[in-house]
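Coordinate analysis (summary)
Next come the chains, spelled out residue by residue.
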Amino acid sequence: MDLGVRWTLHGDGRTPAPGAVVRPDERLSWPRTAGLGAQHVVAMFGASFVAPVLMGLDPNLAIMMSGVATVIFLLATRGRVPSYLGCSLSFVGVAATIRASGGDSATVTGAVLVVGAALFVAGLAVQRFGARIIHAAMPPVVTGAVVMLIGFNLAPVTASTYWPQDQWTALLVMLFTGLAVVCLRGFFSRVAIFLGLLFGYAISWVFDRLFGKIHSPVGGPEAVDHWRLDLSAVGRADWIGLPSFHAPSFEWSAILVALPVVIALIAENAGHVKAVGEMTGDSLDDRLGTAIAADGAASMLSTAVGGPPNTTYSENIGVMAATRVYSTAAYWAAAGFALLFGLCPKFGAVVAAIPGGVLGGITVILYGMIGLLGAQIWLNARVDLRNPLNLVPAAAGIIIGVGGVSLKITDNFELSGIALGTIVVITGYHVLRALAPAHLKEQEPLLDAGTSTYDTTKD
C-alpha cells in the first residue's frame, strides 16, 4: 500500500532550479528537509501555543498532539496534500462561551470531540459522493472568498496582539523577512521565515541592551515595563516532561454551542486543499473528503486525551507560498519535531519567549499571503467580480470574517468571524443566484458539474 512515505530527490537535493517547485512526492537533502520541517514548526508554534492557552488547555499537549494529527493526515491522504494540523483558533470563542456558562476543560474538549466526529462524517460523505458536494456549495467565487476571510481574519491578531508589543522590532523584522524572501537565493530564500525569526531574536536582544525595558502591552491590554526577550521561564522549565491529560465530558448545551464551527472547519479544509492544488498545479478533488475526514479523526483523538482540536494550518500555507517547497517529507520532519518538543517543556519555553514584536513582523507577511491565495483562486477561475452575483456575497462575507462581526442567536449561542462570514458567503451566493435575473447567470457555470481546472503549466 502506498502511504506516501517515499520521495524522489529533487535535482541535486541542494538548490532547486530558478522558478522550480519541490513537489509533494519530492524532497531536498535530509538536512535541508529537516530545516524546512523546523520552519513549519516555528510557523505554527505561535498560534498553536496561543490558542490552547486562550482555551484553558495545555499548550505542550497541543504541540504533541499536533504532531500526531499531522502524521494521521499525511497517512490518510497518501502524502498528496502537504499540510500541518495545528490547534484550531476557530474554537477559542466556543471555549470562552462554554466556560462562561460554567463548563470546565473536560466540557470544552467533550463538545469539540463531537464536532470532530461531525467533521469526520462529513468527510466520509464527500469521499463517497465526490467533491461535487463541496464544489456545488462552494464554487470558486465562494472558495476564494472563504480562503481570503480565513487569512485576513488573522489580521487583528497581528494588529492588536503582536505588533503593539514592539512596533519598531516588528517593522524591522517585516522588512528583513521581505528582503530575505525576495533577494536571497537558493536554500536561504526558502528558509526566509526562519531567518526572520532569528533576526528578530537578535535585534530584540540588542535593543534590550541598548535601550533597556520597553513600555508596551504584553499578555494583556495594559502597558507595562518588560524586556523584549525574556528567557527567565526557560531556566525554570524541565528538559523532559509529559503534558497533562484529562478525559472529556459531554453536555448537550456545550455541544450545541460548538457544532456550528463544523461549517468553518469544512470551509477551512476545502479552502486549504484548493489552495494547495492551485499552488502545486494538481487537482486534489479526490483527496478532499479524505482530508476532511482525517482532520475530524485527528481532532477526535486529540480531544479524547484533553488536547485541543486541530485543523489544516493557514500559517503553513504561507510558508509553502514563500518557499515553493511542497514536499510532504518536510511535514513528516515537522511532525517528528512537534512530538519531541511536546515532551520538552524547556523548548516550549524557548518558543513561547519569541518576542511579540517579532511575531508581528512575521505574521504581517504570512497572514497576508494566506488571504491573497483567495484572490489567486479568483484569478485562476476567472471569477468576474463586476457581476454583483459574485461581488455582493463575497464582499459581505469577507467584511464579516475580517471584522469579527457577530450574530447573537440566543444567550448561549453566537455566530461570528469565520463561521458567520462563511455562512453569509455560501447562503448569500446561492440565494442570490436563485433569485437573480437571467442575464446575471449567463456566465459559464461555476463548478456546477463538480469539476475544477488547474494550471498544469510547469514553471
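Preceding block: the structure.
The notes below deal with the structure included here. This structure is a prediction, so every number in the text was calculated from the model and none was measured.

**Details of the pattern of salt bridges**
- Evaluated as defined, the whole model comprises 3 salt bridges.
- In this structure, arginine 228 engages aspartate 166 in a salt bridge whose closest nitrogen and oxygen atoms are separated by 3.1 Å. Of the two residues, arginine 228 is situated in the loop between strand E5 (223–226) and helix H11 (232–236) and aspartate 166 in the loop between helix H7 (155–162) and helix H8 (167–183); the sequence distance between them amounts to 62 residues.
- Overall, arginine 228 belongs to the buried group, its relative accessible area being 12%.
- For arginine 386, the salt bridge goes to aspartate 384, with nearest N and O atoms at 3.0 Å.
- Beyond isolated ion pairs, a larger network of salt bridges with shared partners links Asp166, Asp208 and Arg228.

**With respect to the nonpolar core**
- If you look at the biggest cluster of nonpolar residues, it comprises 74 residues, and the most contacted ones within it are Val142 and Trp378.
- The greatest single-element share of this core, amounting to 10 residues, is contributed by helix H13 (residues 261–280).
- Residues Val173, Leu229, Ile354 and Leu359 belong to the second largest nonpolar core, which totals 16 residues.

**Observations regarding the packing of helix H2 (residues 59–76) against helix H16 (residues 328–342)**
- Where H2 meets H16, the closest approach of the two axes is 7 Å, and the angle between their N-to-C directions is 150 degrees. The orientation of H2 with respect to H16, classified from their angle, is roughly antiparallel. The two elements H2 and H16 cross, and the hand of that crossing is left-handed. Touching Asn60, Ile63, Met64, Ser66, Gly67, Val68, Thr70, Val71, Leu74 and Leu75 of H2 are Thr328, Tyr331, Trp332, Ala335, Ala338, Leu339, Phe341 and Gly342, all from H16.
- Tallied by class, residues from the contact of H2 with H16 come to 12 nonpolar, 6 polar and no charged.

**Focus on the environment of valine 146**
- Following the sequence through the fold, valine 146 ends up in helix H6 (residues 140–152).
- Contact partners of valine 146, with chain neighbours within four places excluded, come to Ala267 and Thr422.

**Section: H6**
- Here H6 contains 13 residues, and its C-alpha end-to-end distance of 18 Å stays within 8% of the 18 Å for a straight helix at 1.5 Å per residue.
- The buried fraction of H6 is high, at 12 of 13 residues.
- Taken residue by residue, H6 has Pro140, Val141, Val142, Thr143, Gly144, Ala145, Val146, Val147, Met148, Leu149, Ile150 and Gly151 as its buried positions.

**Points about the packing of H2 against helix H14 (residues 288–304)**
- Taken N-terminus to C-terminus, the directions of H2 and H14 make an angle of 150 degrees; their axes are 9 Å apart at the nearest point. One way to sum up the angle between H2 and H14 is to call them roughly antiparallel. Crossing handedness for the pair H2 and H14: right-handed. Residue-level contacts link Met65, Val68, Ala69, Ile72, Phe73 and Ala76 of H2 to Thr290, Ala291, Ala294, Asp295, Ala298, Leu301 and Ser302 of H14.
- Residues that form the contact of H2 with H14 fall into these classes: 10 nonpolar, 2 polar and 1 charged.

Basis of the calculations
- Residues numbered from 1 in each chain as written.
- Predicted model: local features only at pLDDT ≥ 70, side-chain atom pairs only at ≥ 80, totals over all residues.
- Heavy atoms only, no water.
- Salt bridge = Lys/Arg side-chain N within 4 Å of Asp/Glu carboxyl O.
- Helix = DSSP H or I, 4+ residues; strand = E, 2+ residues; numbered from the N terminus.
- Buried < 20%, exposed > 50% of the residue type's maximum accessible area, 1.4 Å probe, protein only.
- Core = buried A, V, L, I, M, F, W, Y, C linked by side-chain atoms within 4.5 Å.
- Axes fitted to C-alpha atoms, helices over the stretch in contact; angles between N-to-C directions.
- Parallel < 35°, antiparallel > 145°, perpendicular 65-115°, else oblique.
- Left-handed = near helix turned anticlockwise from the far one by under 90°.
- Contact = heavy atoms within 4.5 Å.
- Nonpolar A, V, L, I, M, F, W, Y, C, P; charged D, E, K, R; others polar.
- Expected span 1.5 Å × (residues − 1).

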